[in-house]
Number of protein chains: 2
Amino acid sequence: MDSRARWQVVYDDLREAIEQGKYAPGDQLPPERELVERYGVARSTIRNAFTRLEQAGLVSAGAGSVGRTVRSSLEISFNATKFEVGEYQDDVVRGVDQWANDVEHQGWEARQQVTVTQRAAPAQVAKWLDVESKTRLYRRRRIRSVRRPGAIEWTPAMIADSWFPEDIATRQVNGVAPLLEERDITMPGGIIASLGIRQVKFIDELRSRMPRDEEAELLLLPKGTPVGEHARIGIDDQGRRVRVLVSVFAGDRQFVRYELAVNQSALSGNRGESS
Amino acid sequence: MDSRARWQVVYDDLREAIEQGKYAPGDQLPPERELVERYGVARSTIRNAFTRLEQAGLVSAGAGSVGRTVRSSLEISFNATKFEVGEYQDDVVRGVDQWANDVEHQGWEARQQVTVTQRAAPAQVAKWLDVESKTRLYRRRRIRSVRRPGAIEWTPAMIADSWFPEDIATRQVNGVAPLLEERDITMPGGIIASLGIRQVKFIDELRSRMPRDEEAELLLLPKGTPVGEHARIGIDDQGRRVRVLVSVFAGDRQFVRYELAVNQSALSGNRGESS
DNA sequence: ACGGATTTGTGCGTATGTATA
DNA sequence: CTATACATACGCACAAATCCG
């Protein structure tokens, strides 16, 4: 009758039940033992179905009496056009940067932890900055976390790594090199501008990929959760690539937003759009 | 000595070998049977390790003599600022749209298959278009594929679904409704403009998520491959949301690119950027 | 066109370890 | 401490896909 594999029958049933809301986000799913009885199959078959539900991002697991539960998504947006490019009004007095500002407008509390290290450029970073691979660079890492006001637990939401060539990272203002300070810093116009660098253009690249092991650990990612990678390359008025900001965020917690005004003259001169 | 689980020893060894290039993209990995002997563990333990390598996107599998192979990435970029917004010059005579144009500049051949259906708005689409859920809409789907010149096989790269309200989808030019035509259409200024609609603003949302079953099938995604979802909402001069273009692409084949000019006046008036 | 060899896919049963409430 | 539930691990058997001669 049913040509589907046994694990797939279980998979389809559970998936349908979840999508129809019979199990709400956070609900506990039946334990393996119970499904073994209900379907009359081996435990490994049930586990196969669950493994795939985890891969599909619908279910997460924890040993003990938590069992398997339906995943929920937080859906925080991050506006990449307002960020740096546009009209954001930040609060230097409160020491809040633009990401935090954006997130707080959506009803979250935000914080970040900063670490600065010197290290050889990974291949991809070298390509972005247009330098030799393994050039010594400075990496300013910010682990950004959010929580609902009143909540106790912080949820890590983003790893934001800025990479700088040595001469830029070590530039000083008033006797200190702000990019090397391991704390949350805000400066009028942004740190980079305060160092006398005029960024005139950004190139953004956005990718969807599976996390590296380190990222999965830092972001507390359940198995099978993809990440978004947002790389912003800053180019100054000399055409030099002065830094790249690589933001890695959990796909189930955050998305990126752009707002673009249509260039009417370009559009009318344009030809052939097959929307 | 080694507190790692047995499967993890195998996982770490293989992962390191792949990352160090001992197995190049496309290379075949040792079969399960051989690793069972080498490590002296059960086959299910080896399979556990491989399952996680597949989840991490490093390895893909196929029964028979193909065995397990190291995955490669194609890395096609897709410029979201030039697309519709910017200065692209397309070729109406050749009937090439902007996506194809972009891809062909990177040395690929491109084609797309178009299907148009009428259907109830899914919840997410309804939110994007700001209409009631289940409103009848038209969906214009384009399956976009690429290949290297000279190659035989087409690789599906993107599912591009445009959703329109009924009154817009059925609008006619010269007696035909171009949005309902199931073929590749290009028009001067784009189809939408030719229908008398002036889009003045786009809102783009980008997400990283696991594919739905249908998407995995259409894009021939190996297990554990995430997708990028790029939604472009078009807003006309009345403030109406006239369409949403939802592009779903394989994370291992394509990424999105934006080029942004920095608004210097906004930036200098801006305060507090903690790059 | 077919058959055999290889390799992964599916499935069973069982046992023990580990995390959680 | 204990019951529950998932994690890891062993071994076995047969099915299905693929490639090659």
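Residue positions are given per chain, counting from 1 as you read along its sequence in written order. Here the convention is simple: chains get letters from A, ligands get numbers from 1, in the order in which they are written. The model is predicted, so local features are restricted to residues of pLDDT at least 70 and side-chain atom pairs to those at 80 or more, both for listing and for counting; the totals for chains, interfaces and linings are taken over all residues. Working from all heavy atoms in the structure, the side-chain values ignore hydrogens and water.

Chemist: Please give an account of the overall build of chain A that cites residues and values.
Modeler: Working definition: helices are DSSP H or I runs of at least four residues, strands are E runs of at least two. Numbering for both runs from the N terminus. The helix and strand inventory of chain A stands at 9 helices and 10 strands. With 275 residues in all, chain A has 53% of them scored as buried. For chain A, restricting intrachain contacts to residue pairs at least 6 apart in sequence, the fraction spanning at least 24 positions comes to 61%. Here chain A displays about 12500 Å² of accessible surface, and carbon together with sulfur accounts for 48% of that area. A simple rule labels every residue: compare its accessible area, found with a 1.4 Å probe on the protein chains alone, to the largest value its type can have, and call it buried under 20%, exposed over 50%, or partly exposed in between. Any two residues having at least one pair of non-hydrogen atoms within 4.5 Å are treated as being in contact. We get accessible surface area from the Shrake-Rupley algorithm with a probe of 1.4 Å; when it comes to residues, only the shown protein chains can shield them.

Chemist: Give a description of the environment of alanine 110 of chain B that names residues and reports values.
Modeler: Residue and element names in this part refer to chain B. Looking at the secondary structure, you find alanine 110 in strand E4 (residues 109-120). Since its relative accessible area comes to 18%, alanine 110 is described here as buried. Separated by 46 residues in sequence, alanine 110 and proline 156 have C-alpha atoms that sit 9.6 Å apart.

Chemist: Quick rundown of empty space enclosed by the protein? Include the residues and the values.
Modeler: Only protein atoms enter the 1 Å grid, on which a cavity is a set of points fitting a 1.4 Å probe that cannot get out and a pocket is an open set with protein on both sides within 12 Å along at least 5 of 7 lines, lining residues being those with an atom within 4 Å of a point. Grid points are joined across faces, edges and corners, and a volume is the space filled by probe spheres set on the points. Using the criterion set out here, one finds 1 cavity of 30 Å³ or more in the structure. In this model, the largest cavity occupies a volume close to 80 Å³. Along its surface, the largest cavity is lined by 13 residues, and Leu206, Arg207 and Ser208 of chain A together with Leu206 and Arg207 of chain B are the ones closest to its centre. Looking at the lining of the largest cavity, the elements with two or more residues in it are strand E7 (199-209) and strand E8 (227-236) of chain A together with strand E7 (199-209) and strand E8 (227-236) of chain B.

Chemist: Describe in detail the confidence of the model for chain A, supporting the description with residues and values.
Modeler: Residues and elements named next belong to chain A. The pLDDT averaged across chain A works out to 84; a share of 88% of its residues lies at or above 70. Across the chain, each position has a pLDDT score giving the predictor's confidence in that residue, from 0 to 100. Here helix H9 (residues 264-269) is the element of chain A with the lowest mean pLDDT, 43, and helix H6 (residues 166-169) is the one with the highest, 95. When the criterion is pLDDT under 50, residues 87-95 qualifies, and its contacts beyond four places in sequence or with other chains add up to 27 contacts. Counted against residues more than four places away or in other chains, residues 265-275, with its pLDDT under 50, gives 56 contacts.

Chemist: Outline the environment of glutamine 118 of chain B, supporting the account with residue identities and numerical values.
Modeler: Residues and elements named next belong to chain B. Within the secondary structure, glutamine 118 is located in strand E4. In this structure glutamine 118 comes out as partly exposed when scored by relative accessible area, which is 34%. Separated by 50 residues in the primary sequence, glutamine 118 and arginine 68 place their C-alpha atoms 41 Å from one another. Once residues lying within four places of it in the same chain are set aside, the contact partners of glutamine 118 are Arg136, Leu137, Tyr138 and Glu166. Each polar contact in these results corresponds to two N or O atoms within 3.5 Å; when the atoms are within protein, one needs to be able to donate a hydrogen and the other to accept it, and residues that are neighboring in sequence are counted only if both atoms are side-chain atoms. One polar contact links glutamine 118 to glutamate 166, side chain to side chain, over a distance of 3.4 Å.

Chemist: Requested: an account of the pairing of E8 of chain A, with residues and values cited.
Modeler: Counting buried positions along E8 of chain A yields 10 of 10 residues, so the element is predominantly enclosed. Counting the residues between successive antiparallel strands, the hairpin from E8 of chain A to strand E9 (residues 241-250) of chain A contains 4 residues, one of them, glycine 239 of chain A, with a positive phi of roughly 85°. A pair of strands is labelled paired if DSSP reports no fewer than 2 bridges between them.

Chemist: Which residues make up the protein's contact with DNA strand D, and what values go with them?
Modeler: Whether a residue is near a molecule or strand depends on its heavy atoms: it is near if one of them lies within 4 Å of it. Every one of the 24 residues lining DNA strand D counts as a neighbour, but Arg6, Trp7, Ala42, Thr45 and Ser65 of chain B are closest to it. By atom count, sugar and phosphate contribute 72% of the portion of DNA strand D lying within 4 Å of the protein. Note that a phosphate oxygen of DNA strand D is positioned 3.2 Å from one of the side-chain N or O atoms of arginine 47 of chain A. With respect to DNA strand D, the side chain of serine 65 of chain B contributes an N or O atom lying 2.2 Å from a sugar or linking oxygen. Those elements that provide at least two residues to the surface near DNA strand D are helix H2 (32-39), helix H3 (43-55), strand E1 (59-62) and strand E2 (67-70) of chain A together with helix H1 (6-19) and helix H3 (43-55) of chain B. Residue polarity is assigned by list, with Asp, Glu, Lys and Arg as charged and Ala, Val, Leu, Ile, Met, Phe, Trp, Tyr, Cys and Pro as nonpolar; anything else, Gly included, falls into the polar class. Residues of the surface near DNA strand D, tallied by class, amount to 9 nonpolar, 7 polar and 8 charged.

Chemist: How would you sum up the packing of H1 of chain B against H3 of chain B? Please name residues and give values.
Modeler: All names here are of chain B. Structural elements are reduced to axes, namely lines fitted to C-alpha atoms, with helices fitted over the stretch in contact, and the angle between N-to-C directions of any two is expressed from 0 to 180 degrees. The interhelical angle for the contact between H1 and H3, taken along N-to-C directions, is 50°, at an axis separation of 8 Å. Considered as vectors, H1 and H3 are oriented oblique to each other. Judged by the sense of rotation from one axis to the other, the crossing of H1 with H3 is right-handed. Between H1 and H3, the residues in contact are Arg6, Trp7, Val10, Tyr11, Leu14 and Arg15 and Thr45, Ile46, Asn48, Ala49, Phe50, Arg52 and Leu53, respectively. Roughly parallel means an angle under 35 degrees; roughly antiparallel, over 145; roughly perpendicular, 65 to 115; everything else is oblique. Rotating anticlockwise by less than a right angle from the far helix to the near helix defines a left-handed crossing, while the corresponding clockwise rotation defines a right-handed one.

Chemist: So what's going on with the protein's contact with DNA strand C? Residues and values would help.
Modeler: All names here are of chain A. For DNA strand C, the set of nearby residues contains 23 residues, the closest of which are Arg6, Trp7, Ala42, Thr45 and Ser65. Protein-adjacent atoms of DNA strand C, using a 4 Å cutoff, are sugar or phosphate at a proportion of 68%. Taking tryptophan 7, its main chain carries an N or O atom lying 3.1 Å from a phosphate oxygen of DNA strand C. At 2.4 Å from a phosphate oxygen of DNA strand C is found a side-chain nitrogen or oxygen belonging to threonine 45. Per-element accounting of the surface near DNA strand C gives the leading share, 4 residues, to H3. Within the surface near DNA strand C, the residues separate by chemical class into 8 nonpolar, 7 polar and 8 charged.

Chemist: Can you break down the sheet that holds E4 of chain B residue by residue, with the values?
Modeler: In sheet architecture, strand pairing relies on hydrogen bonds along the backbone and comes in two forms, parallel and antiparallel. Pairing in this open sheet of 8 strands is mixed, and the strands run E3(A)-E10(A)-E7(B)-E8(B)-E9(B)-E6(B)-E5(B)-E4(B) from one edge to the other. Looking at the sheet topology across the chains shown, the edges are occupied by strand E3 (76-79) of chain A together with E4 of chain B. Between one strand axis and the next, the sheet turns by 20° as a mean value, whatever way the strands run. Where strand E6 (residues 155-165) of chain B lies against strand E9 (residues 241-250) of chain B, 6 bridges are found, and the strand directions are antiparallel. Each bridged residue has a counterpart across the sheet, and for isoleucine 159 of chain B the counterpart in E9 of chain B is valine 248 of chain B.

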